[in-house]
Structure formats: C-alpha cells, structure tokens
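Structural description and commentary
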Amino acid sequence: MAAAQTYQTPDTNQITTNSQRLDYDLVIVGGGIVGLTLASALKDSGLSVLLIEARAESAAVMKGQAYAVHMLSALIYQGIGVWEQILPNIETYRRVRLSDGDYSGVVEFNTKDINKDDLGYVAEHQALLYPLQEFVKRCSNVTVICPAEVIETKYLADAAVTTIKVADEIKTIRSKLLVAADGSRSRIRQAAGITTLGWKYWQSCIVAFVKPEKSHNQTAYEKFQPSGPFAILPLPGNRCRIVWTAPHSEAKALCALDDEQFLAELQARYGSHMGKLELLGERFVFQVQLMQSDNYVKNRLALIGDAAHNCHPVGGQGLNLGIRDVAALVEVIQEAHQAGKDIGNIHVLKKYERWRQLENLVILGFTDILDRVFSNNFWPIVVVRRLGLLAMKYVPLIKVLSLKLMIGLLGKTPKLAQRF
Ligand SMILES: Cc1cc2nc3c(=O)[nH]c(=O)nc-3n(C[C@H](O)[C@H](O)[C@H](O)COP(=O)(O)OP(=O)(O)OC[C@H]3O[C@@H](n4cnc5c(N)ncnc54)[C@H](O)[C@@H]3O)c2cc1C
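Here's a quick rundown of the structure. (Residues numbered from 1 in each chain as written. Predicted model: local features only at pLDDT ≥ 70, side-chain atom pairs only at ≥ 80, totals over all residues. Heavy atoms only, no water.)

**A word on the sheet that holds strand 5 (residues 91-93)**
Let me state the cut-off plainly: Note on pairing: DSSP must find at least two bridges between two strands before they are called paired. A run of H or I in DSSP counts as a helix once it spans at least four residues, and a run of E counts as a strand once it spans at least two, with each numbered from the N terminus. Between N-to-C directions, angles span 0 to 180 degrees; the directions come from axes that are lines fitted to C-alpha atoms, helices contributing only their stretch in contact. By definition, residues are in contact when any of their heavy atoms lie within 4.5 Å.
Taken together, the 3 strands give an open sheet; going across it, the order is 4-8-5, and neighbouring strands pair in antiparallel fashion. The open sheet terminates on both sides in strands that have one partner only, identified here as strand 4 (66-70) and strand 5. Geometrically, the sheet is characterised by an average inter-axis angle of 30° between neighbouring strands, direction not taken into account. Where strand 4 meets strand 8 (residues 120-124), 5 bridges bridge the pair, whose relative direction is antiparallel. Counted as the bridge partner of Ala-68 is Val-122 from strand 8. Those strands touched by helix 5 (residues 125-137) are strand 4 and strand 8, and its axis lies near 80° from that of strand 8.

So, in structure tokens, the structure goes:
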C-alpha cells in the first residue's frame with residue numbers, strides 16, 4: 001500500500017501517528033465524486049469532517065468515465081462554490097435529440113423549451129474529481145486520509161466507531177455520524193445489514209470516446225435501438241463520449257473486435273451526421289443494475305450516492321442523484337446542528353431518507369421503464385412509445401415536463417441550489 005496522505009488537518013482534530021482515538025462530527029467513507037461533494041458542501045457547516053478514501057488521490061482521478069451533469073447538479077456546485085473551477089473543463093449541451101430506431105419522429109429539446117441558456121453539461125471524471133479534491137484541501141474543517149482501508153464499523157447509541165488501517169497502523173475514530181459514499185458494492189451498507197432490492201440488467205454498457213470529423217454542435221443524442229439505448233454526449237475539444245447499451249453477449253463480441261472493426265460497427269450505429277469518427281483511447285464495459293436500499297439511514301449512519309441506489313445509465317441520472325442526496329443530507333444535518341440537535345440521531349436522519357428515497361425511486365423507475373419500453377420490438381409497445389414520442393414533440397406541457405424530469409428540475413429543490 002502507498003504511503004497515506006493526510007492533508008488539511010483541522011487544529012482541533014489533529015491526527016498524530018500515536019493517536020488511537022479520534023473524534024469528528026462526521027466521517028465520510030468514499031472519496032469518489034459524491035463523497036467529495038459532501039465534504040466540500042460541509043465547508044461552512046461548523047462540523048469537523050473526516051473523509052476516508054481507499055485509493056491514492058492520483059489513482060482515484062483516473063477513470064475512463066464521463067457524465068451528463070444536470071442543471072440542478074450545476075446549481076448545487078454553484079452553491080458550494082466550486083463550479084467556477086469545474087466549468088472551464090467541461091462541455092455545455094444546448095440540444096437533446098431523442099430518436100427511436102429508424103422512425104422519423106425525432107424529438108428535439110432545446111434551451112428555448114425551458115427559457116435557460118443551457119440544458120446541461122458533460123464532464124469527464126477527472127474534470128469533476130480533481131477540482132473537488134483541490135477544493136477540499138482548502139476546507140479547514142475537513143481532513144482527508146487516503147489511501148486507507150476501513151476494517152470495522154460499530155454503531156453505539158451515541159457514536160459511530162470506525163476502525164481503519166492506514167499504512168500499517170490501526171486507528172479508531174468516533175463520530176456522531178458515518179456517511180457511506182463507498183459506491184455500489186458498499187461494504188459499509190452490507191456490514192450495517194441494510195438490505196437492497198433490485199436486479200442486474202440483461203445488457204452491458206460499452207463506453208468509448210471518439211472525435212468526429214464535424215462539430216458535435218453541443219447536442220446530446222439518445223438513440224433508442226431494440227438492443228438498448230445508444231447515447232452520444234458532447235465533450236470539450238469536439239470529442240464525444242458514447243454509451244452503447246447491448247445484451248451481454250453482443251457487448252462482449254463488440255469489445256473483442258479490433259479497433260478498425262469496432263469503429264466500423266460504431267460508425268454504423270452512430271450515423272454519418274458528424275462525418276467520420278476517430279476512436280480515442282480504450283473502450284470500457286460496465287455491468288449495469290437497478291438497486292434501491294431498503295433504508296438510507298440507521299442510527300449514526302446515512303447512505304448516499306451509489307451506496308444507496310443504482311440505476312440504468314440511460315438518461316445519465318446516477319451521479320446526479322448522488323449529488324442531490326448530498327444537498328439534501330447537508331440541509332437536514334445543518335438544520336439539526338443549528339438547532340442544537342444530534343446530527344447522527346435516527347429521527348434527524350429519517351428526514352433525509354423521506355426526502356431522497358422516494359425521489360430516487362421515481363428516477364429508478366423512469367430509467368427502468370425507458371430501457372424496457374425502448375429495448376423492445378413487440379408491436380403494441382412500439383405503438384405506445386411512438387405515441388409517447390409524438391406527445392413529447394407536439395404537446396408543450398408533456399415536452400417541458402419530460403425535459404425537466406430528464407435534467408433534474410422536478411422534485412424538491414435543495415437550499416444549496418437556491419443560492420444563485
Ligand atoms: C456506463 C455508465 C454510464 C454512466 N453515465 C452517467 C451519466 O452520464 N450521468 C450520471 O449522473 N451518472 C452516470 N452513471 C452513474 C455514475 O457512474 C455513478 O452513479 C457515480 O459514479 C457514483 O458515484 P459515487 O461517488 O457514489 O461512487 P463511486 O464512483 O463508486 O465512488 C466510491 C468511492 O469510494 C471508495 N471506496 C470504496 N470502498 C471503500 C472503503 N471501504 N473505504 C474507503 N473508500 C472506499 C472508492 O475507491 C471510490 O473512490 C453512469 C454509470 C455507468 C455504469
């Protein structure tokens with residue numbers, strides 16, 4: 001294991017190599033985008049925060065992923081004060097085009113539909129993670145330990161007790177609240193005995209990056225095909241990210257092709273509207289699943305991001321849901337802290353669960369239905385979905401509501417997103 005990095009240690013909570021017992025208001029396990037967003041959002045909270053990440057800082061930045069970042073997530077990052085560092089390295093999209101196989105009834109959404117300058121953004125993993133890592137270094141109330149391994153968690157009536165291994169040293173940390181932001185296979189969730197509901201999809205997603213000959217025109221595409229959705233998202237430097245959903249065997253076969261054959265298949269699926277494509281770097285395959293935790297909280301524990309829920313990538317929702325979890329949790333615990341209440345108490349945390357569990361379930365259901373209804377050639381379903389596309393195209397209310405749902409503007413707006 002590489003040497004542990006410990007930075008920005010608050011004066012009141014100095015970590016010393018001899019210390020065996022440390023006290024924080026809040027411990028976050030997982031320094032992915034969601035965990036770091038939470039640490040950043042707690043900057044002015046008056047709470048002492050410890051963030052524990054299993055991977056070294058530089059390793060965490062490297063991930064061949066990019067995300068559609070919704071308008072509400074952008075507002076949350078503005079509220080935190082980190083958006084100015086993110087915006088220069090990401091792409092804005094101003095149009096979204098939905099199409100169904102070869103059917104001519106394409107639905108186009110643009111900024112005029114909701115009277116905004118932008119519809120959303122597309123960011124590579126590092127374009128979000130790096131500014132957040134840097135931001136957290138400037139938060140005097142946040143300490144980061146990485147790489148570090150969580151060995152044990154215990155929940156007492158008045159504290160969560162987390163035992164971690166840093167290099168060869170064992171440390172025990174007491175906190176009022178432990179937040180699990182440790183991703184879909186969350187060991188913290190499993191060790192706490194929180195059960196989940198869900199299923200694995202019959203499809204995998206291939207993620208690849210391309211450079212088209214012609215401009216992407218700041219347009220995002222969701223092309224529905226019987227084998228699964230095919231998304232094209234614009235990136236800076238006139239590059240695009242594709243997420244190609246296909247049944248497992250087809251995805252495996254596509255990935256086994258050499259670059260030239262893969263590019264030929266990709267070009268056929270992509271279409272010729274951006275001219276010839278150049279394949280950039282590696283392609284990655286991701287398994288996808290739907291998962292909802294039966295509980296988001298228990299006394300002294302809260303789950304956020306993929307640790308709490310996973311959804312199909314269609315519509316680019318997963319990370320955005322995690323960012324909204326953060327804004328909701330911050331609002332709930334700040335209100336409790338200001339009122340002199342215990343932030344780890346189950347009665348306080350239930351407020352977060354009531355807010356987010358249902359909103360996330362709606363989106364999980366929406367992405368699941370979208371994938372099932374469009375990955376299908378059963379004619380009654382084809383008729384229904386084409387009627388749906390026509391309604392989206394010609395009924396302004398349905399169009400605006402669909403767009404708002406897709407870009408995160410339906411549901412309760414957290415206070416963090418209302419600062420600007
Ligand atoms: C193909 C595909 C495309 C997608 N596209 C989009 C999109 O366009 N838009 C969107 O919003 N979402 C998208 N998603 C979903 C998105 O990738 C996830 O929702 C998001 O990455 C979850 O972030 P997270 O921080 O919760 O978890 P993770 O990114 O998994 O981070 C968890 C962190 O916790 C750390 N960790 C794990 N265990 C421990 C431990 N025991 N101790 C300490 N640290 C630990 C890990 O090292 C990691 O850094 C997509 C997903 C897929 C598969």
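Now that the structure has been shown, the text picks up again.
**Side note on the sheet that holds strand 14 (residues 219-225)**
One open sheet holds the 8 strands; their spatial order is 7-6-14-15-16-13-17-20, and the pairing between them is mixed. A strand with exactly one partner marks an edge of an open sheet, and here the two such strands are strand 7 (107-110) and strand 20 (309-310). The pairing of strand 15 (residues 228-235) with strand 16 (residues 239-247) spans 6 bridges and is classified as antiparallel. Among the inter-strand pairings, Ala-231 is bridged to a residue of strand 16, identified as Val-243.

**A closer look at the pattern of salt bridges**
Two side chains bearing opposite charge may form a pair once their charged atoms approach each other closely. For the record, the criterion: Every case where a carboxyl oxygen of Asp or Glu lies within 4 Å of a side-chain nitrogen of Lys or Arg is listed as a salt bridge. The buried label applies to any residue whose accessible area, calculated with a 1.4 Å probe on protein chains only, is under 20% of its type's maximum; exposed applies above 50%, and partly exposed to all values in between.
All told, the structure shown has 22 salt bridges when counted by the stated rule. A salt bridge links Arg-97 to Glu-108, with the nearest nitrogen and oxygen atoms 2.7 Å apart. A residue pair is termed long-range when its members are at least 10 positions apart, and Arg-97 in strand 6 (residues 95-100) and Glu-108 in strand 7 qualify at 11 residues. Classification of Arg-97 by relative accessible area gives partly exposed; the value is 29%. Under the relative-accessibility criterion, Glu-108 is labelled partly exposed at 27%. The salt bridge involving Asp-368 is made with Arg-372; its shortest N-O contact spans 2.8 Å. Taken together, the residues Asp-368 and Arg-372, both in helix 10 (residues 346-374) and 4 residues apart, mark about one turn of the helix. Judged by relative accessible area, which is 8%, Asp-368 ranks as buried. When salt bridges with common partners are traced through the structure, they connect Asp-23, Asp-158 and Arg-174 into a single cluster.

**Things to note about helix 11 (residues 379-394)**
Selection rule: Here a helix's expected span is defined as the number of its residues, less one, multiplied by 1.5 Å. What the arc measures is the spread of directions leading from the helix axis to the C-beta atoms.
With 16 residues, helix 11 should cover 22 Å at 1.5 Å per step; its first-to-last C-alpha distance of 22 Å lies within 8% of that length. Looking at helix 11, one finds that the buried residues are Val-382, Arg-385, Leu-389 and Met-392. For helix 11, the arc enclosing every buried residue in end-on projection is 85°, short of the 170-degree limit, so these residues lie on one face. Opposite its buried face, helix 11 presents the exposed residues Trp-379, Val-384, Leu-387 and Tyr-394, each directed more than 90 degrees away. Tucked into the core, helix 11 has its buried residues touching strand 6, strand 7, helix 10 and helix 12 (396-406).

**A closer look at the side chain of Ser-45**
For clarity, the cut-off: Pairs of N or O atoms within 3.5 Å make up the polar contacts considered here, provided that, within protein, one atom can donate a hydrogen while the other can accept it, and that residues adjacent in sequence are counted only when both atoms are side-chain atoms.
Mapped onto the elements of the fold, Ser-45 is located in the loop between helix 1 (33-41) and strand 3 (49-52). By relative accessible area, which is 8% here, Ser-45 ends up buried. Within the local environment of Ser-45, its side chain forms a polar contact with the backbone nitrogen of Leu-47, the two atoms lying 3.1 Å apart. Excluding its chain neighbours within four sequence positions, the residues that come into contact with Ser-45 are Asn-141, Gln-334 and His-337.

Function cannot be read off these values alone, since they describe shape.
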